[in-house]
Every structure is written in C-alpha cells, then in structure tokens.
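Reading the structure
So the chains spell out like this:
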Amino acid sequence: MENGVAISSRGLVKTFDTREGTVRAVDGLDLTVRRGETFGLIGPDGAGKTTATRVILGLLRRSAGESHILGYDSMRDTYEIRERVGYIAQQFALPADLTVMENMRFFASVQGVSRREQARRIPELLGFAGLSAFGDRLAGRLSGGMKKKLALACSLVHEPQVLMLDEPTLGVDPVSRREFWEMLGDLRAEKGVTIFFCTPYMDEAERCDWVGLIYEGCLIAHDSPEAIKKKVPGRLLEFTPSDFVPAWRAVEEMDGVLEVQTYGAMLHVFVDDVARRREEIETAMATQGITCQGTREIEPRMEEAFISLIRRQ
Amino acid sequence: MRKRFKRIGALIQKESIQIVRDWRTLLMVLLLPVLEMFLFAYAVSLTVDHIPTAVADMSMDSQSQAFVNALIASGYFDVETYVADEKAAVRAIDEGQVRAGIVIPPDFSARVARGDAQVLVLLDGSDSSTVSSGYSAALAVAQARGMELVVEKVNRMGMGALGGGPSGDVTALPIATSMRVLYNPARDDMIFVVPGLTAILLQVMAIGQAAVAVVRERELGVDEQILISPARPLEILVGKMAPNLVLIVVDMLIIVLFGIFWFGVPFRGNPWVFGWLSLLFIVSGLGLGLLISTVAKTQKQAQQITMLFMMLCMLLTGLIYPREPMPLLVRAVGNLIPATYFVRIARGIITKGVGVSFMWRDVAILVGYSVLVMVLAATTFKKRLD
Amino acid sequence: MRRFPGLAGGFDWGGVMRQRVWAVIQKEFIQTFRDRSTLLLMLSLPLLQLFLFGFAVNTTVEDISMVVADQSHDRASQAYVSALETSGYFTVVSYVADQAEVVRAIDEGRAQAGVVIPSHFRAQVERGEAQALLLVDGSDLFTSQSAYNAAVAIAEVHATEVLVEKLQRAGLVQDSRGFLPFDALVRILYNPNLTDLWFVIPGMCAMILQTQTIALTTVAVVREREMGTIEQILVTPIMPIELMLGKIVPNILIAVVNMLTVIVLGVFFFGVPFQGSFWLFFWLALMYIFSGLGLGLLISTVSQNQQQAQQMNMALALVGLLLGGFMFPRDGMPVVLRLIGNLFPLTYFIPISRGIITKGIGFGFLWEQVLALLLYVIVVMAIAARLFRQSLD
C-alpha cells in the first residue's frame, strides 16, 4: 500500500454493450488522490463520472486496467473497501419507509458500529446534518436537501477514511448547497477524510485541492485548480457587443486572438497581449458599427479553462 | 463472527420495520389465507347431485314412472322439465337449461316384461363433474331398479324353498361388501381438503412475499446504497427471509387453528413434528421466492412468475387432481414444487397420524431443496450493479 | 366535437383527445415491447400453463393401487379380486397377510385401497352370507371418492352375477343374459370419449385470460405510481380516462395473442374440436378481456405499491378459479359462494367458452351470459375510471 495514496486508477476501462454497439464509458482513466485531499472529478453529462466512480468502488465490473482504494483492489477486496468507504450514489435512494433514526441505526449496525459508539455518533451526525429535530420523520417525507444530508450522515456513521460522492448537490437549493459544502469542509478539517466527488458544476471545482477534468471517458487534465486555469493560453477579455453574431465572427478572425467563447450575451476573448488587442478589438467593432460595453480583463475560471481544453482535444 | 451477526441483525430489523409499516400488505398476508381457506373448503365438491334433468317419457306408464321416481329418489337427478322426445332433450341440454336428459321409449312396461327394455341417458359432456357423477348414478339406479324387478319376479315364481342368507331371502346378494374409508370414515369434505390446502396456501404466501423483496429495492434504486455496505448477499437474503418467516408461521397457526376448531378437522399426529416440518417447508418456499426475486429483472416479471407458481400449486401438487395419472414430464414439473412434498407430509401427520419415519423421503427432499435454493439465490444475487 | 356529459367529466372525442390517447398508447407500446424478457414471459407462460394443465387435469381415475389380503385363496375369492382388477379401476400391487398389513400399506402410502377377504369364502358364498371388507385411503379427496364409488359399484355387480349364477344352477333361470329386465344406455353429448383436454381447454382459455389481464393492468399503473413517473405525465393536459385507455391497449393486444395461441394450440396440437363460430368467440373474448382489464385497473387504484397489488391479484385469481365453475361445479356450492362467484367475469365466460367451443351453440343460447358480461364491463370500467381519477388527485 503506497503511503499517502487514498485512491488510484491506472488505464481504467469500462465498456458497455448496448443495442447501438459497444460504448467505452471509461477509456483509459489514470488518476491519483492523496490521503486527506479533496478531489473533484469534473466533467459534462455523459463524460463517464458516475461510471468511473462506480468502477473504482467495485459496483461495476472493470473491463480493463486497475483501480485501488486505500490499497485495496476494487474487484478483489470489495468488502474491505466497503467497510472503509462512505458513498452517496447519484440517485441516493434510502429506504423511504424507515425514519431518519431507523436509517441511521440500520447503516450503523450493518457497518458493525457498536451500540455504544452508535449512541455517541448518531446524535452527533444528526446535529452535524441539521436533522436532530427530525429523528422520527419518515425518510420519504424529507425535502430534497434534507434527504441528501441524511444520506451524508448515513455514509459517515462508520467513520470512513474515504468519502465518495456522486453529484452530491444536484438538484439541491443554493442554501442547502452551501450548508452541504460547509459540512464537508468541517469534515475534512477535523477528521482528515479524503473526499472524492463528481460534479458537472465547474464552480465546485474551485473548492478542491486537486481536480480531474474528465471528457469522453478519460482525463484531459489532472492538476490543481490554479494550474488548470493557467493552462489556458493568453489573457481573457470580456465584453458585451451590441450586435452579437457579427461581432463574434469578426473577432474570431482577428490576429492575436487565441480563442473566443460565448457566455450569455457576452464574448470571452483569449488574447496574447491584453493592452494591444483590446484596442484593436474595439476599433474593429467600431468600424462595423458595433459598440462594446463593459470591456474588461477577467480571470479565467474553470469553465473557460475546461471549454478551452476540450476544444483542443 | 460477531460482525456478521450484527449485520444480519441490522438487516432483519430493517426488513421487519418495513413490513410492519406497510400495514395493508401485512393485513392481507394475514387475512387472505383465512378467506381463501373458507372459500376453498366450502366450494370444493366433486360429486354433484341434484343435476338438473329433462325427462322425455314416451310411455307414461307405471314402469316408466317408477323408474323416473327411482332416479329422483337417488338425489342425483332433479327433474326440471318434461319434454317430448330425444331431440327436445338434446336441445334443452344445448341451451344449458338442464345438464342431463332421460329418454324412455314407448311401450316401456311391455318391454320390461319381455326383458329387453332400454333407457337412454344423455349427459352434458362439456362439464366433467356432471359426467362423472351422472354416469355412475344413472347406472346404479338402473341396476338397483332392475334388481327390484328381479326380486318381484322370483318371489312370484315362489322359490322361497331355496333357502338364503340370514334374512332367509333367496335373492339377497350372496356377498355383502362393507366399505370403510380410513382416516375419514364420514367422508367429510373438510378433512379431505384442509391439510393439503394448508400446504398450498402457505406455499403461495411464501413465494408471493419473497418474490418481490429483492426486485423491489432494485427498481427503486435503494439497492445501490445497501450494496455499498459490507453486507454479504447471503446476509441480505437471510435478512429478508427472517421477518417473512415469522409472518407466514403466524399464517400457518391461523390456518391450522381454524381447521381444527372451526372446520372440526382432527389433528391426529404430533403437533411439534408438524410445526418443525412446516417451518422447513416455509423456508423452502421463501427461498424459492427469493431466488425468483434475484433472477427477475422487474417486479412485473416477478409477479408473472409468482402467478404461474400459484397455478402450478393448485393443479400439479396432488391437492385436487391425482398425480399418478399425469404424464412423466408433468409429474416432474410437479416435483419441482415444494408443496408437492408437503401436501403428503401434511396429510400424513394431520389426517393419517403417522410419524416422520413414514415420510423421511419427503422430509429429506425438502431439506435439500431449501439448501439448494438458498445457495442458488445467494450466488445469483448481484454483488455489483452489473 | 361530441360530448358525453357525466361520463368521467365529459367525454370529448375531438381530435386533441384522440391524439393524447394515441400518445399514451404509443408510450405504453414502446415500454412494453422494449422490455423483451418480460414480453417473452408474458407470451410464453400461458403456453406453459396450457401444456402442463392439459395433461395434469384428470377427471377419471383408473389404476388405483390396491393391496389384497386374501385369506381363502379359493375360486370365489379370486373371482372377487379379479372383478375388481378387470374393471380397470384398480391395480393390485401386492398381496399381504391380513387387515393390519393392509392398513399399514395405506398408511405408508404404498397403496390407496385394500381388500380383505376372510377365510372359507367359498363356503360362505354358497350359504349366502359372505363378507368382504374394502378399505380406502381417506386422506385424498379425489382418489378416495373415485375408489369408493367404483368399489361399491363393482362389488354390487359382482355379487349380482354370483347370484344369477346360483339361480341358474338351481334351474330358476334359463338364460343369464338379459336377466336384468332393462339396461341403461348412457350417451355423453359433445365429448363422447371423455377426453379430459376437451373439458380443460375452454376453461383454461378463460382462466388464463383473466389472470393475465388483471395482472398486466395492475402492474402498469401501480409501477408508475411507485416510481413517481406518473407525476411527469400528470402535468400534461391529459385526462384520466385517456391515460386509462392508453394503458389498456397494448395489454389487450398481448391478451388477444395469448388467447389465439391457446386456441390454436388447443385445436391443432391437442385436437380439441372447435364446434361453434370463431368470430362470435373472438368478439365475446374481447369483451371478456376488457372486463379483466377493468378489474385490473380497479385493483391498481386501491393499491399503494406493488406488493399490495400482488397480494390482491393472487387472491382474486385464486378465488376466481375456485368459484368460477372451472374446477368445481357451481351447483354444489352454498348460495353465498355462488353469489360471490357472480362477481367475477370468469363465471360468465366459462359457459360462453364451453358453449361455443365444445357445444357449438350460438348467441341465441348465450345471450344471458353475454348481457351479464356487457353490464359487467360497463360497470367496472365506470367505477375504475372514477376511482382512477380520484386517486390521481
């Protein structure tokens, strides 16, 4: 067992046989997550995030390659993994006809947590999740956000070393979302739990120590958020043209423009030299009778980095 | 390992809570067998009497009327209508107004005197029970009537000097056969039905409850969260089996108690032996249901298969239709159903009052069946999502 | 646009409605046919049942195993035993010493009947005071019934023959033939050879259709409610009755295929003659299928989840089977049960099925059942529609 590595995969492949043919959902995935790290697997829908997570957990059969959690092989040491990992599935269905308390006790007992420990941990976890007052409520009658929190609590009851979350904040209201991340932050700070999560939300990537950008089954970037953002060439200009389409076409052709992305009604233009190109762009727009509003340089975010990286594939 | 027991305990607890929370299903599982038992017990009857009959009496003389009266007196035939001739009788059967017809030709008395009278009995062949009852009843009445006439004739000839049996009647039958029906001398329908019925009802309940158990969670997506726990497939299955076992044992007690105290079926054998064997039987049924559940892809499929089993239970286990005449293949299918063995065991213990030594083969098969089915279920239970 | 006020809140058979119903039908079709394994199951299970039951149902019992304790071993006792065996009803499996052993054999299940003939049988017969004892296994309904009746009849006939022989020897009777003044000739209409299959197939057809249709509809609706997918559909402008119709249609198709398969197999493989009009049967069967589907919908409106639906389905199937007249004659049942039986469409369709297939009669004789079925369909569908609408709110 390599010291300090919580999760690793090398050349991981997962194929599905469908009516349309064979689909390679995960295509040669290499990733490493160190202990105590927060790792985000970021990518659009259908990129293979859920499949990769499930294969690493041993919930799906590996087609090729290798994957380990805490040094245990996903296929061979399935039960050792399950005792040490907490997981919230994408459709995180918990038995709806059990109460919050009954759910907690069930998962705790199944994980082998002693009665004494349960008496200590469960109230703590419920408090942590803000569900203390709902102990007797049927799980099916909780709101979406509360269900997620319950799922989190249940996944933590056996004090796992690794926590794997599949799109944990999908469909959750912004307030609950923030609370959820706060909870995870506390967890990491206090217990040093390795957190691995998948998300299509680029902004959540900012919260990670390490990011894996996944696209069509393999990683196109595996670095810290800052490093990834720096991968984008040039500097970023943003402005709102009065006439969108002609402006877009025009800017794309110009010298020194490395890349143009759209963002709502705005254009994001990557240029090699901000000062010089900014003037050139404004002039070019003016000749076409297009005014530019709110022109400024901005820091590229994950989204821009991601789109840029995808385009270069 | 203590952890294993803890896990199983947690699973059993969870399943129990879920069963109790769904009180409607719970109620049905407890009450339906009683309901079915009542219906079955009172509906089952293979002998039909009071068959609606049409009579075409083309003689209308003393002999013909005596014969018709004999038919009515037997209790098997109820004269619904008098018709003109054979054709009208057939038409009446076609219509469904009657299910049997008697046609007596003209000049009946004269023919009887000559000794060559013939009566035609028509039976509705679309209904098997009419046929089997009506056939033997008609022949029996004819024979009895014939004997009466012979007695008259011989007595008229004054042959008393021949001597005879204890009654001094020369025409008494030389061989008197007494019939005894073992275990059920009064030929009480309930005693025939209840023990075997117990087996069938328990089987159907067990399979029904267990068959949905696994598939349901899979369909709802709950299975993923449980799969990721360290619970082993066998433990999950045992967890599902245990509370259902309790439930169906309660069913068994209800059914048997009803049978004894309401229907008056005598329980001749050892109740403890019966209790343990029924436990074994229920386990085999639940195991079979769980196997179905792991194999079925959707609840719809599980339901279809369960329905099929129910039908098989009714018809192939020897409860109603005897197994001996069935072709080998059909009998083999019947052998795959645990109820087939338990029907014999139940009858053996309750009605015949025999001990295990008489039925060890059936018991051994049930044990083997339970083990096999659980092993199969545990191995086919998917540890992963694919 | 035509309106039928009062029925499910106005039955507007305009273009839009048709389109919506059609949309639901399409969706249901796609879902049904995409689920290949279930489809296979639904089409093959009835066949399986047909095969198994066609061969399982046996209304006449023969070759009942019998043990004999013959303590005389003379011509008279052997003649007696022989009479039992040649009748075809009994088969002697072994000879034992005495009554106790006969009982033991029956206890063990080695035989289902036994005969005990005491010693000096011949002499007793001559004196006219012989006694024989027949024992029958009373734990098994069918066999003991048949054994009992058969044994009684055979014993009596044999005794009569012995008497006739006696009288002949005494010169009282010239000719043993025709001694009994008359004879009963029994003719069985429609099924002269008592082929069991001819009894079974028409009833089987009715039964299979009933269980299938109820189960199919119930599952379709309850499943969606459970999975929550019904919510998505409800937000569309669809009316409950349209949803209902849409769900029913693909199931009708499957049920019809099942029915045709059973009939075709019955006629061409099992050789059951189809005496009546096929088209009449087809239309009436269609009506019957509708009634089953309506019943299924009814169940689905009161079930919260699939387990409940399952239990109710099974109970209904069992009860319908018992009380419908397929296995046991309805005349023999107490009034209460007969009334309950009247609540099942099966009860009306069995006479129709038997009537058309085996008897070959026409509508004229069946109009009562047909009317009953028609009324049933209408009532059930109306109730189902109303409850369905309520349950969705």
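Conventions we followed
Residues numbered from 1 in each chain as written. Chains lettered and ligands numbered in written order. Predicted model: local features only at pLDDT ≥ 70, side-chain atom pairs only at ≥ 80, totals over all residues. Heavy atoms only, no water. Helix = DSSP H or I, 4+ residues; strand = E, 2+ residues; numbered from the N terminus. Buried < 20%, exposed > 50% of the residue type's maximum accessible area, 1.4 Å probe, protein only. Contact = heavy atoms within 4.5 Å. Pairing = 2+ DSSP bridges. Axes fitted to C-alpha atoms, helices over the stretch in contact; angles between N-to-C directions. Phe/Tyr/Trp six-rings, centres within 6.5 Å; stacked < 30°, edge-to-face > 60°. Salt bridge = Lys/Arg side-chain N within 4 Å of Asp/Glu carboxyl O. Domains from an automatic or database assignment. Parallel < 35°, antiparallel > 145°, perpendicular 65-115°, else oblique. Buried area = accessible area lost by both parts, 1.4 Å probe. Polar contact = N/O pair within 3.5 Å; in protein donor to acceptor, adjacent residues only side chain to side chain. Nonpolar A, V, L, I, M, F, W, Y, C, P; charged D, E, K, R; others polar. Core = buried A, V, L, I, M, F, W, Y, C linked by side-chain atoms within 4.5 Å.

In terms of regular secondary structure, chain C is built from 14 helices and 5 strands. Residues classed as buried in chain C amount to 58% of the 393 residues present. Long-range contacts, defined here as pairs at least 24 residues apart, represent 75% of the contacts in chain C between residues at least 6 apart.

Another aspect to go through is the sheet that holds strand β10 (residues 218-223) of chain A. Residue and element names in this part refer to chain A. Here we have 6 strands laid out as an open sheet, ordered β6-β7-β8-β3-β9-β10, and mixed in their pairing. Both outer strands of the open sheet, β6 (85-88) and β10, are each paired with one neighbouring strand and no more. Across the sheet, the mean angle separating the axes of adjacent strands is 15° when strand polarity is ignored. Examined bridge by bridge, strand β3 (residues 38-42) and strand β9 (residues 210-215) share 4 bridges and lie parallel to one another. Within the sheet, the bridge partner assigned to Leu41 lies in β9 and is Gly212.

Looking now at the sheet that holds strand β13 (residues 266-271) of chain A. Residue and element names in this part refer to chain A. In spatial order, the strands read β12-β13-β11-β14; together these 4 strands make up an open sheet with antiparallel pairing. Edge positions in the open sheet fall to β12 (257-263) and β14 (292-298), since each of these has one partner strand only. Across the sheet, the mean angle from the axis of one strand to that of its neighbour is 20°, orientation sign disregarded. Sheet topology note: the strand β11 (residues 235-241)/β13 ladder contains 5 bridges and is antiparallel. Each bridged residue has a counterpart across the sheet, and for Phe239 the counterpart in β13 is Leu267. Against the sheet, helix α10 (residues 274-287) contacts β11, β13 and β14, and its axis sits at roughly 20° relative to β11. Lying over the sheet, helix α11 (residues 302-311) contacts β11, β12 and β13, oriented at roughly 120° with respect to β12.

Let's shift gears to the packing of aromatic side chains. Residues and elements named next belong to chain B. Counted under the stated rule, the structure contains 21 aromatic pairs over all chains. Seen from their ring centres, Phe274 and Phe342 are 5.8 Å apart, and the 35° between their planes marks the pair as tilted. Here Phe342 lies in helix α13 (residues 338-352) and Phe274 lies in helix α10 (residues 271-295), a separation of 68 residues in the sequence. For the pair Phe274 and Phe342, one class covers both residues: buried.

All right, on to the pattern of salt bridges then. Residues and elements named next belong to chain A. Inspection of every chain in the model, using the stated rule, returns 35 salt bridges over all chains. Linking Arg311 and Glu259 is a salt bridge whose minimum nitrogen-to-oxygen distance equals 3.3 Å. With Arg311 in helix α11 and Glu259 in strand β12, this residue pair connects regions lying 52 residues apart in the sequence. Classification of Arg311 by relative accessible area gives partly exposed; the value is 48%. Residue class for Glu259 comes out buried when judged on its relative accessible area of 11%. Through salt bridges with shared partners, a single ionic network connects Glu117, Arg120, Arg121, Glu124 and Glu159.

We now examine the pairing of strand β4 (residues 130-137) of chain C. Most of β4(C) sits out of view: 7 of its 8 residues are buried. Bridge analysis of strand β5 (residues 175-182) of chain B against β4(C) gives 8 bridges, and the strand direction is parallel. By the bridge assignment for β4(C), B:Val181 is matched with C:Val136. Alignment of strand β3 (residues 113-117) of chain C against β4(C), held across 4 bridges, turns out to be antiparallel. Counted as the bridge partner of C:Val116 is C:Leu133 from β4(C).

Parsing chain B into structural domains produces domain 1 (2-43 + 189-380) and domain 2 (51-182). For domain 1 of chain B versus domain 2 of chain B, the separation of C-alpha centres amounts to 49 Å.

The interhelical angle for the contact between helix α2 (residues 23-43) of chain B and helix α11 (residues 306-323) of chain C, taken along N-to-C directions, is 5°, at an axis separation of 10 Å. When the interaxial angle is binned, α2(B) and α11(C) end up roughly parallel. When α2(B) is examined against α11(C), the residues B:Arg24, B:Thr25, B:Met28, B:Val29, B:Leu32, B:Glu36, B:Leu39, B:Phe40 and B:Ala43 are found in contact with a partner set consisting of C:Gln307, C:Gln308, C:Gln311, C:Met312, C:Ala315, C:Leu318, C:Val319, C:Leu322 and C:Leu323.

A word on the interface of chain B and chain C. Listed as interface residues are 116 residues of chain B and, on the opposing side, 119 residues of chain C. Summing both partners gives a buried area of about 11500 Å² for chain B against chain C, and 66% of it is carried by carbon and sulfur. Taken together, chain B and chain C are joined by 1 salt bridge. Here C:Asp137 makes a salt bridge to B:Lys352, at a shortest N to O gap of 3.9 Å. Remark: the boundary between chain B and chain C carries 4 residue pairs in polar contact (both at pLDDT 80 or more). Looking at the side of chain B that touches chain C, the element that brings in the most residues is helix α11 (residues 299-316) of chain B, giving 15 residues. Residues of the side of chain B that touches chain C, tallied by class, amount to 67 nonpolar, 27 polar and 22 charged.

Before going further, it helps to examine the side chain of C:Thr213. All names here are of chain C. Following the sequence through the fold, Thr213 ends up in helix α7 (residues 196-227). Since its relative accessible area comes to 1%, Thr213 is described here as buried. Polar contacts involving the side chain of Thr213 include one to the main-chain carbonyl oxygen of Leu209, which spans 2.8 Å. In terms of polar contacts, Thr213 uses its side chain to reach the backbone carbonyl oxygen of Gln210, at 3.1 Å. What Thr213 contacts, discounting residues up to four positions off in sequence, is Ala255, Ile289, Gly292 and Leu293.

What follows deals with unusual backbone geometry. Positive phi, normally seen in glycine, also occurs at A:Glu159, with a value near 50°. Residue classification places A:Glu159 among the partly exposed positions, given a relative accessible area of 39%. The phi dihedral of B:Met60 falls on the positive side, at around 55°, and the residue is not glycine. Counting through the fold element by element, B:Met60 comes out in the loop between β1 (51-57) and α3 (62-74).

Let us now look at the nonpolar core. Judged by nonpolar contacts, the single largest core of 248 residues is most densely connected at A:Ile7, A:Ile69, A:Met164 and B:Phe40. With 18 residues, helix α7 (residues 189-220) of chain B is the largest single contributor of residues to this core. Beyond its immediate stretch of four places on either side in the chain, A:Ile7 contacts A:Leu31, A:Thr32, A:Val33, A:Ile56, A:His68, A:Ile69, A:Val162, A:Met164 and A:Phe196. Counting 27 residues, the second largest nonpolar core, distinct from the first, contains C:Ile64, C:Ala130, C:Leu134 and C:Val136.

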